[in-house]
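The chain contents come next:
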Amino acid sequence: MSMSTAPHSTPVGLPARVRIPVVAAPMFLVSGPELVIAASAAGIVGSFPTPNCRTTAELDRWMGTISDGVAAAGPDAAPWAVNLVTHRSNQRLEEDLRLVAEHRPPVVITALGSPEPVMETVKGYGGLVLADVVSVRLARKAAGFGVDGLACISAGAGGHTGHLSPFAFVSAVRQFFDGLLVIGGGIADGWGVAGAVAAGADLVYMGTRFLTATESMASPDYKQMVVEHGPDDLVVSSGITGTSASWLRPSLIANGLDPDALTAPAGRDYNAGADVQGRWKNIWAAGQGLGLIDGVTPVKSIVDDLAAEYAAATRRFAGRTLR
Ligand SMILES: Cc1cc2nc3c(=O)[nH]c(=O)nc-3n(C[C@H](O)[C@H](O)[C@H](O)COP(=O)(O)O)c2cc1C
């Protein structure tokens, strides 16, 4: 089915339960309960990756806190999400999944592996599964497992990044998928959100914009580096974790690394190994949207800004097309 002949997912379900179509994307060592609850309370999907909890007991506490916090935020709060690394190097997947079954996060996002291991559990309690994918091939594969949505990570994304243009990615995936299409990569304002929706996406996956939120767990020095730098100050390399990721050049230099001569580590153990955790702690990731960030502000005010820009973009678009 081609984009021009078929209507796509209409804004029911998740897109109808958000103030603006944005997911505060999961960020390693950055997103915790405060950020997730603030995002959901502000009307966008809040999320965190389970490796941010060092133990399953901590994950149990976090999910309890988030569940209660989002419930307390009232009926306009958006659903929250948890992000599971389904790569085989994640030895905690089974235990994490047991806690997911207990706490029933409304949305589960799989990353760095197939969504297959979570499908039965999450669909069993009526949750939505989104699979994070970086290529059309992986999107097609994930769609084959019956996921509700795809988070298509495009060029410009912070952390583990993609390489496709978001426009090319959305168009290609819409050829075979009419579920929830989430697009991420370098989108950091409401104008970009409107552009993504116009292109065929349902939601935008936005990480970098929330790096400097007051509620983010990033250190003050990390936040300052994000504020002071722009897209030209990023280096995309697989030399830190074994997977292509977007890093702040000055943080590589500060750690004695030559940004132009990074060598790949031996194995690909993503967030799991202690040494990789250490690397993420000192070497800071960001996406191309960082140039728009000029300070440390609460999530609520970021979402208010995004909503105002989204509304202005919608008016601008309508004014140009409905003559
Ligand atoms: C500091 C940082 C850490 C991240 N950690 C994770 C992670 O643990 N798991 C994951 O699936 N994605 C992770 N991401 C990727 C985001 O979820 C999302 O794909 C990305 O931020 C979207 O692009 P943007 O940064 O340009 O908004 C991370 C991104 C950043 C900036």
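Residues numbered from 1 in each chain as written. Predicted model: local features only at pLDDT ≥ 70, side-chain atom pairs only at ≥ 80, totals over all residues. Heavy atoms only, no water.

Peer 1: Honestly, the sheet that holds strand β11 (residues 245–248) in this entry has me stumped. Any pointers?
Peer 2: The pairing of strands in a sheet comes from backbone hydrogen bonds and takes either a parallel or an antiparallel form. If you walk across this open sheet you meet the three strands as β7-β11-β10, and the pairing is antiparallel. Strands with a single pairing partner mark the edges of an open sheet, and in this sheet they are β7 (159–160) and β10 (234–237). Inspection of the sheet shows β10 paired to β11 by four bridges, in the antiparallel sense. By the bridge assignment for β11, S237 is matched with A245. (Pairing = 2+ DSSP bridges. Helix = DSSP H or I, 4+ residues; strand = E, 2+ residues; numbered from the N terminus.)

Peer 1: I keep staring at the confidence of the model for the protein chain and nothing clicks. Help me out?
Peer 2: When pLDDT is low, close inspection of the predicted coordinates is not appropriate. For the protein chain, mean pLDDT is 92; residues scoring 70 or higher make up 91% of the total. Segment residues 1–11 is flagged for pLDDT under 50; beyond a separation of four residues in sequence, or across chains, it makes 16 contacts in the model. (pLDDT = per-residue confidence, 0-100. Contact = heavy atoms within 4.5 Å.)

Peer 1: Mind showing me how you'd approach the pairing of strand β3 (residues 80–85) here?
Peer 2: Of all the six residues making up β3, six are buried; the element is thus mostly covered by neighbouring parts of the structure. Side chains of β3 alternate between two faces, with W80, V82 and L84 and A81, N83 and V85 buried alike. Of the pairings in the sheet, the one linking strand β2 (residues 45–49) to β3 comprises four bridges and is parallel in character. Note on β3: the bridge partner recorded for F48 is V82. Each parallel crossover has a hand, and for β2 linked through helix α2 (residues 56–72) to β3 it is right-handed. Two strands pair when backbone bridges link them, and β3 and strand β4 (residues 107–111) are joined in this way by five bridges, in the parallel orientation. (Buried < 20%, exposed > 50% of the residue type's maximum accessible area, 1.4 Å probe, protein only. Right-handed = clockwise from strand over helix to strand, strands pointing away.)

Peer 1: I tried to follow the sheet that holds strand β9 (residues 203–206) on my own but got confused; where do I start?
Peer 2: Pairing in this closed barrel of eight strands is parallel, and the strands run β1-β2-β3-β4-β5-β6-β8-β9 around the ring. For this sheet, the mean inter-axis angle between neighbouring strands, taken without regard to orientation, is 25°. With three bridges connecting them, strand β1 (residues 22–24) and β9 associate as parallel partners. Looking at β9, one finds that V23 is bridged to Y205. Taken strand by strand, helix α1 (residues 33–42) contacts β1, β2 and β3, and its axis lies near 165° from that of β2. The strands touched by helix α4 (residues 116–124) within the sheet are β3, β4 and β5 (128–133), with β5 carrying the most contacts at an inclination of about 150°. (Axes fitted to C-alpha atoms, helices over the stretch in contact; angles between N-to-C directions.)

Peer 1: What should I look at first to understand the layout of surface pockets in this one?
Peer 2: Leftover empty space is mapped by rolling, across the atoms, a probe with the size of a water molecule. Taken as a whole, the second largest pocket holds about 260 Å³ of empty space. In this structure, the second largest pocket is lined by W191, A194, G195, V197, A198, Y310, A313, T314, R316, F317 and R320. The set of elements that each furnish at least two residues to the lining of the second largest pocket consists of α7 (190–199) and α11 (299–321). In terms of residue class, the lining of the second largest pocket is made up of seven nonpolar, two polar and two charged. (1 Å grid on protein atoms, 1.4 Å probe; cavity = no way out; pocket = protein on both sides within 12 Å on 5 of 7 lines; lining within 4 Å. Points joined across faces, edges and corners; volume = space filled by probe spheres on them. Nonpolar A, V, L, I, M, F, W, Y, C, P; charged D, E, K, R; others polar.)

Peer 1: For this particular structure, what's the right way to read the side chain of T110?
Peer 2: Mapped onto the secondary structure, T110 falls in strand β4. If we skip the residues at most four places from it in the chain, T110 touches N83, L84, T86, P115, V118, L130, A131 and D132.

Peer 1: Got a minute to help me understand the site of the ligand in this structure?
Peer 2: Neighbouring residues of the ligand: 24 residues in total, closest P26, F28, G186, G207 and T208. In the model, a nitrogen atom of the ligand is placed 3.1 Å from a nitrogen or oxygen of the N83 side chain. Between the ligand and G207 there is a distance of 2.8 Å, counted from an oxygen atom to a backbone nitrogen or oxygen. Here the ligand, which alone exposes 600 Å², has 97% of that area covered by the protein. Residue composition of the shell around the ligand, by class: 14 nonpolar, nine polar and one charged. (Near = heavy atom within 4 Å. Polar contact = N/O pair within 3.5 Å; in protein donor to acceptor, adjacent residues only side chain to side chain. Areas by Shrake-Rupley, 256 points an atom, 1.4 Å probe, with all protein chains shown as cover.)

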